[in-house]
Amino acid sequence: MSRLTKFWKRGAKQKVIVIILLLLILLVVFIMRDSIQPVLLWLRKYFFIGLVFFIILFLGLQLVRAAATWRKMIWTILSFGLIGAIWYLLFPVGMYKYMETYSVYNHINLEEISTLPLTRNERIQPWNNILTMAYESIGETEEVSPPQLVRIDGENRWTMAIQPSKDYFYQRAKDNTEELFSVSSTTPFPKFAEENRIDKIFSLGESLAWSRNTYNAVVQKFGIIDMFCLEPDEVYYMKDDNGQWVQVVNLIRWKGFFFPYPTFGGVMVLQSGDHGVNDYFERLLLGKGEYISPSEMQKYPYLKGQNTLSEKISRLQAESLKFLTGFTDPLPWNMKTAIKIPQLEADQNQQPFVTDFDFSDVDKKGYNGLYHWFGLEPIGVERTSLTISVMIPADGTEKVYYYNHGKRKEGYAGVSAMPAKVVESKKEYDWTANAPVEFRPYIKDILGKRRLFMLSTIVAKRKVDTNPNEPKTEAQFDGAATPDLALVDVQFKDVVWLDAKKPSTWETTIMNQMGEAWGIDVNKIPDIEGTKVPSDTKYKE
């Protein structure tokens, strides 16, 4: 520092050099702020923990200085020992995550419902099948972005971008994102061509390099305070209210001081367009995108009832329901109502499952549209009952709806129990090469009662050669145009096999197989064969 001071005092020329160097450093930092932002966010999230450690060290050093020689070592050991103990309790033991989840629970708007909402527009193909079939339709230097289920023109569709592959840096630096896939989620045979393959140029993309990367361009748009509080998460492709394709990036806003927790922070909307000189300088200096806050999103019809909520947020919100009966209930000596989000090893797409719900006749009114659904179970490995169904509005609306099966003692089987039920129902299958995946809710009014099932798709396991020098691994599912569908009655644990090509016959098939278990003589129901009985028809069980 003294050398810099001496250089500064030499004369006007040296002062000009120092000022120019400082301005260049500031310019580089300003342009590279997207790379610095994760560090700022980390400091904001763990500031309180760092402050506690600093205070302990400071007080420990004061005691060391004031103490006699033989006590200095004791105070030093105690100071570092206390810091180590706090760190171990917070992170390896998990108390930091525990407190973060409790903070989420204290700040969500919980609504317990007494009636399950109906499902509609059931999707046929699981997430990874869509991804696999998309890769079957592109070239070597291309890749597809993660599929997202969104509402387009009143229909639920899987959308994803065809973008330069991360394996080819030249294309990532030079090319645009030039095409999109948009395929129906309700068809058993999605087509990745013609009208479902859309020409649309975006100068930004999830795989593009440097300032043309979607996440980097969004971060460049943040203000100084937002650099410490916001982070971009997932990218969606959808049509805006003018019918134009846009990229929508959902944002996570961190709140709280002691144990910061994530909340929905709105979205950044990016318009389509080619890469140019003006676009380049705008990305570097100003960033890209139009910020829409959560409170303003209701002004945009295409964002209402849409799927824009980060799954990181919805998972924490669902997990936080373990505090329903109090702060201490999830602790090891209690756990009376402790719950978990089940993880199925065979599934490559874990909960939440984006589901289209109809809340028309539910006591706590929610909108009709897309939600994140969770089927929570007891925390023990051997206990696989369905304890709570959670429905979180996918558009970021600040409400969490839940239905407590455990409190009503309904005795429903949870998602973890479903694979064994499906495997047992068809022993002739080669289950070493096939697997039932994504057990998602199917709720209908059938024969005078609202009934809950779990709908699953049977997929083939594909072994992928990720490294020629290593054995092949089961990294993907193979998508089929006519997949087998299995429907499990969560109360009676019986499995109904459905024709994926004929959704209109599903309820008839269910009634024919389950009528006896439900105590109903289906032969006395008129015209049941080949006819869908209206769901509001009342029959006494």
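Computed from a prediction, not measured in an experiment: that's the story for all the values here. (Residues numbered from 1 in each chain as written. Predicted model: local features only at pLDDT ≥ 70, side-chain atom pairs only at ≥ 80, totals over all residues. Heavy atoms only, no water.)

**What about the overall build of the protein chain?**
(1) Moving on: In terms of helices and strands, the protein chain carries 14 helices and 21 strands.
(2) Moving on: The dimensions of the protein chain, computed from C-alpha atoms along their principal axes, are 105 × 65 × 55 Å.
(3) Moving on: A separation threshold of at least 6 residues defines the contact pool for the protein chain, and within that pool the share at least 24 residues apart is 61%.
(4) Moving on: For the protein chain, the accessible surface area stands at approximately 26,800 Å², while carbon and sulfur atoms represent 58% of it.
(5) Moving on: Once the 63 positive and 64 negative side-chain charges of the protein chain are each reduced to a mean point, those two points are 10 Å apart. (Helix = DSSP H or I, 4+ residues; strand = E, 2+ residues; numbered from the N terminus. Contact = heavy atoms within 4.5 Å. Areas by Shrake-Rupley, 256 points an atom, 1.4 Å probe, with all protein chains shown as cover. Lys, Arg positive; Asp, Glu negative; His and termini not counted. Charge placed at Lys NZ, Arg CZ, Asp CG, Glu CD.)

**Details of the environment of Leu270**
(1) Moving on: Relative to the elements of secondary structure, Leu270 occurs in strand β10 (residues 261–271).
(2) Moving on: Each C-alpha atom, one on Leu270 and one on Leu180, is 15 Å from the other, the two residues being 90 residues apart in sequence.
(3) Moving on: Discounting residues that sit within four places of it in the chain, Leu270 has contacts with Phe202, Leu204, Thr214, Val218, Val246, Gln247, Val249, Lys288 and Gly289.

**Remarks on the packing of aromatic side chains**
(1) Moving on: Evaluation of the coordinates by the stated rule reveals 33 aromatic pairs.
(2) Moving on: Taken together, a centroid distance of 5.1 Å and an interplanar angle of 80 degrees make the contact between Tyr98 and Phe323 edge-to-face. Linking Tyr98 in helix α6 (residues 95–106) with Phe323 in the loop between α12 (311–319) and β12 (339–340), this pair joins segments that are 225 residues apart in sequence. Both residues of the pair, Tyr98 and Phe323, belong to the buried class.
(3) Moving on: Each ring, one from Tyr367 and one from Tyr371, has its centre 4.8 Å from the other, and the planes form 25 degrees; the classification is stacked.
(4) Moving on: When its relative accessible area of 22% is taken as the criterion, Tyr367 is described as partly exposed.
(5) Moving on: With relative accessibility at 0%, the residue Tyr371 sits in the buried group. (Phe/Tyr/Trp six-rings, centres within 6.5 Å; stacked < 30°, edge-to-face > 60°. Buried < 20%, exposed > 50% of the residue type's maximum accessible area, 1.4 Å probe, protein only.)

**Some remarks on the packing of α6 against α12**
(1) Moving on: Relative orientation of the contacting elements α6 and α12 amounts to 90 degrees, with a least axis distance of 8 Å. Taken together, α6 and α12 sit at an angle that is classed as roughly perpendicular. Touching Lys97, Glu100, Thr101 and Val104 of α6 are Leu316, Gln317 and Glu319, all from α12. (Axes fitted to C-alpha atoms, helices over the stretch in contact; angles between N-to-C directions. Parallel < 35°, antiparallel > 145°, perpendicular 65-115°, else oblique.)

**Concerning the pattern of salt bridges**
(1) Moving on: For the coordinates displayed, the defined rule picks out 20 salt bridges.
(2) Moving on: A salt bridge links Lys407 to Glu112, with the shortest nitrogen-to-oxygen separation between them at 2.7 Å. Placement of the pair is Lys407 in the loop between β16 (400–404) and α13 (418–425) and Glu112 in strand β1 (residues 110–112), with a sequence separation of 295 residues.
(3) Moving on: The partly exposed category is assigned to Glu112, whose relative accessible area is 24%.
(4) Moving on: In this structure, Lys174 and Asp175 form a salt bridge, with 2.6 Å as the shortest nitrogen-oxygen distance.
(5) Moving on: Judged by relative accessible area, which is 44%, Lys174 ranks as partly exposed.
(6) Moving on: Linked by salt bridges that have partners in common, Glu112, Lys407 and Arg408 make up one network. (Salt bridge = Lys/Arg side-chain N within 4 Å of Asp/Glu carboxyl O.)

**Concerning the side chain of Glu234**
(1) Moving on: Residue position: Glu234 is located in strand β8 (residues 230–239).
(2) Moving on: Buried within the structure, Glu234 lacks any salt-bridge partner; its nearest side chain of opposite charge belongs to Lys312, at an N-O separation of 8.2 Å.
(3) Moving on: A polar contact is formed between the side chain of Glu234 and the side chain of Tyr236, at a distance of 3.0 Å.
(4) Moving on: Once you skip the residues sitting within four places of it in the chain, Glu234 turns out to touch Gln148, Tyr215, Val248, Val249, Asn250, Leu309, Ser310 and Glu311. (Polar contact = N/O pair within 3.5 Å; in protein donor to acceptor, adjacent residues only side chain to side chain.)

**A short note on the packing of helix α2 (residues 12–31) against helix α3 (residues 33–45)**
(1) Moving on: Interhelical geometry of α2 versus α3 gives an angle of 75 degrees and a closest axis separation of 5 Å. Classified by the angle their axes make, α2 and α3 are roughly perpendicular. The segment α2 lies against α3, with Val29, Phe30 and Ile31 engaging Arg33, Asp34 and Ile36.
(2) Moving on: Of the residues contributing to the contact of α2 with α3, the split by class is four nonpolar, no polar and two charged. (Nonpolar A, V, L, I, M, F, W, Y, C, P; charged D, E, K, R; others polar.)

**Looking at the nonpolar core**
(1) Moving on: The biggest cluster of nonpolar side chains holds 51 residues, and the ones touching the most others in it are Met238, Leu376 and Val390.
(2) Moving on: No other element matches strand β9 (residues 245–255), which puts seven residues into this core.
(3) Moving on: Residue contacts for Met238: discarding those within four places in its chain leaves Val150, Ile152, Gln244, Trp245, Val246, Val248, Tyr302, Leu303, Gln306, Asn307 and Thr308.
(4) Moving on: Residues Ile113, Met391, Phe439 and Val488 belong to the second largest nonpolar core, which totals 32 residues. (Core = buried A, V, L, I, M, F, W, Y, C linked by side-chain atoms within 4.5 Å.)

**Things to note about the confidence of the model for the protein chain**
(1) Moving on: Looking at the protein chain, the pLDDT average stands at 88 and 92% of residues meet or exceed 70.
(2) Moving on: Low pLDDT, under 50, characterises residues 529–541; the predicted model gives this stretch 28 contacts beyond four residues in sequence or across chains. (pLDDT = per-residue confidence, 0-100.)

**Some details on unusual backbone geometry**
(1) Moving on: Here the bond from Gln351 into Pro352 is cis, since omega is 15 degrees, no more than 30 degrees from zero.
(2) Moving on: Tracing the chain through its elements places Pro352 in the loop between β12 and β13 (353–358).
(3) Moving on: Here the phi dihedral of Glu194 falls at roughly 55 degrees; this positive angle occurs in a residue that is not glycine.
(4) Moving on: You can call Glu194 exposed: its relative accessible area is 59%.

**So, the sheet that holds β10**
(1) Moving on: In space, the four strands of this open sheet follow the order β8-β9-β10-β11, with antiparallel pairing throughout. Only two strands of the sheet have a single neighbouring strand rather than two, namely β8 and β11 (290–292). Ignoring strand direction, the axes of neighbouring strands in this sheet form an average angle of 30 degrees.
(2) Moving on: In terms of strand pairing, β10 meets β11 through three bridges, oriented antiparallel. The residue bridging Val267 from the neighbouring strand is Ile292, located in β11.
(3) Moving on: Sheet contacts for α3: β8 and β9; angle to β9, the most-contacted strand, approximately 35 degrees.
(4) Moving on: In the packing of α12 onto the sheet, the strands contacted are β8, β9 and β10, and the crossing angle to β10 comes to about 155 degrees. (Pairing = 2+ DSSP bridges.)

**Considering the environment of Leu498**
(1) Moving on: Tracing the chain through its elements places Leu498 in strand β21 (residues 495–498).
(2) Moving on: Take Leu498: its relative accessible area is 9%, and that puts it in the buried class.
(3) Moving on: The spatial distance from the C-alpha of Leu498 to the C-alpha of Leu485 is 5.3 Å, given a sequence separation of 13 residues.
(4) Moving on: The contact partners of Leu498, leaving out residues within four places of it in the chain, are Leu455, Leu485, Leu487, Trp506, Thr509 and Ile510.

**Focus on a nonpolar patch on the surface**
(1) Moving on: On the surface, a cluster of nonpolar side chains totalling about 1,100 Å² of accessible area is made up of Val16, Ile17, Ile20, Leu21, Leu24, Leu27, Phe30, Val277, Tyr280, Phe281, Leu285 and Leu286.
(2) Moving on: Those elements that place two or more of their residues in the nonpolar patch are α2 and α11 (277–285).
(3) Moving on: Examining the composition of the nonpolar patch, we find that seven residues originate from one element, α2, more than from any other.
(4) Moving on: Secondary-structure assignment places Ile17 in helix α2. (Patch = residues over 30% accessible without salt bridge, like charges linked within 9 Å, V, L, I, M, F, W, Y side chains within 5 Å.)

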